[in-house]
Amino acid sequence: AQSVSQHNHHVILSEAASLELGCNYSYGGTVNLFWYVQYPGQHLQLLLKYFSGDPLVKGIKGFEAEFIKSKFSFNLRKPSVQWSDTAEYFCAVTNSGYSTLTFGKGTMLLVSP
Amino acid sequence: EAGVAQSPRYKIIEKRQSVAFWCNPISGHATLYWYQQILGQGPKLLIQFQNNGVVDDSQLPKDRFSAERLKGVDSTLKIQPAKLEDSAVYLCASSTRDSGNTIYFGEGSWLTVV
């Protein structure tokens, strides 16, 4: 069965710090990769996704992620975080052509003003 | 475009009682999912429907959980009897090939079993 590993359960940063959240998956075939964000009290929202093409994917709110196939990784980055980025971030993977998502356990990001 | 609608948003029940959650997916989305998200964990798929047929229910505890999507649109998830460990957020989601199979989530139904 496929699994998704997120390296950090909690991350605390100050505003303007750079962010990188790690995500590794186990499936060796063709995958579709996603990062979802869940702001306090809100539903899961798609931040960005990778299906094919340029492995550097840009999403909303200045986030980007890089797919490195050789490392089975899809790390999320943002050069300068804001207080409003405080949220829980979930990496998710699906086998190409089969749309069921497998989620990581999530990383809670707290940005202090 | 309206999102995925779920109700009720919050429910508190005693163990051994029953509860039902309702979901209305985004219009035109053929695939509907129910996920369970326990505090501190990522969402876990319970069941996936394609129109009114079940695609994957391998992680659904069938002795107490049931779900249906009779007309291929709305869906209901039922738990009977509930256990303390069923306390979680139950997320409904939907997708369609036209949206690149991107899955869109509802706000969730928060269940507390006491």
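Along each chain, the written sequence defines residue order, and numbers are assigned to residues from 1. Here every chain gets a letter starting at A, and every ligand a number starting at 1, in the order they are written. Totals for whole chains, interfaces and linings use every residue, but because this is a predicted model, local features are given only for residues with pLDDT of at least 70 and side-chain atom pairs only at 80 or more, for both listing and counting. Note that the side-chain values use all heavy atoms of the structure and ignore hydrogens as well as water.

(A) Structural context of the interface of chain B and chain A. Listed per partner, the contact involves 21 residues of chain B and 17 residues of chain A. The quantity reported as buried area is the accessible area (1.4 Å probe) lost by two parts once they are put together, taken as the sum for both. Between chain B and chain A the total buried area reaches about 1,500 Å² when both faces are included, carbon and sulfur atoms providing 54% of it. Three residues stand out in chain B for area buried against chain A, namely Pro 43, Thr 102 and Phe 105 of chain B, and they jointly supply 28% of the buried area on that side. Counted as salt bridges are all cases of a side-chain nitrogen of Lys or Arg within 4 Å of a carboxyl oxygen of Asp or Glu. Counting across the chain B and chain A interface gives zero salt bridges. By the criterion applied in these results, polar contacts are pairs of N or O atoms within 3.5 Å in which, for protein atoms, one can donate a hydrogen and the other can accept it, and in which residues neighboring in sequence qualify only through two side-chain atoms. For the pair chain B and chain A, the interface holds three residue pairs in polar contact (both at pLDDT 80 or more). Throughout, a residue-residue contact means that at least one pair of heavy atoms, one from each residue, lies within 4.5 Å.

(B) Broad picture of unusual backbone geometry. Backbone torsion omega between Ser 7 of chain B and Pro 8 of chain B reads -10°, so that peptide bond is classified as cis. Mapping Pro 8 of chain B onto the fold places it in the loop between strand E1 (5–7) and strand E2 (10–13). Cis geometry is adopted by the peptide bond preceding Pro 81 of chain B, which originates at Gln 80 of chain B and carries an omega value of -5°. Along the chain, Pro 81 of chain B turns up in the loop between strand E8 (75–79) and strand E9 (88–95). Of note in the backbone geometry, Phe 72 of chain A takes a positive phi value of approximately 50° without being a glycine. As for its position among the elements, Phe 72 of chain A is in the loop between strand E8 (64–68) and strand E9 (73–78). The rule is simple: take the accessible area with a 1.4 Å probe, protein chains only, and divide by the maximum for that residue type; under 20% is buried, over 50% is exposed, in between is partly exposed. By relative accessible area, Phe 72 of chain A is classed as partly exposed at 33%. In this structure, Arg 16 of chain B is a non-glycine residue whose phi angle is positive, near 80°. Strands here mean DSSP runs of E at least two residues long; helices mean DSSP runs of H or I at least four residues long; both are numbered from the N terminus. In this structure, Arg 16 of chain B sits in the loop between E2 and strand E3 (19–24).

(C) Geometry of the pairing of strand E7 (residues 65–68) of chain B. Residue and element names in this part refer to chain B. When E7 meets E8, the two strands line up antiparallel, connected through four bridges. Across the sheet, Ser 66 pairs through a bridge with Lys 78, a residue of E8. Between E7 and E8, which pair antiparallel and follow one another directly, the connecting turn spans six residues, one of which, Gly 72, has a positive phi of 75°. The pairing criterion is simple: DSSP has to find at least two bridges between the two strands.

(D) Main features of the sheet that holds E8 of chain B. Residue and element names in this part refer to chain B. Strand order in this open sheet of four strands is E1-E3-E8-E7, and the pairing throughout is antiparallel. Only two strands of the sheet have a single neighbouring strand rather than two, namely E1 and E7. Taken pair by pair, the neighbouring strands of this sheet meet at an average axis angle of 15°, ignoring direction. Angles run from 0 to 180 degrees between N-to-C directions of axes, and those axes are lines fitted to C-alpha atoms, restricted for helices to the stretch in contact.

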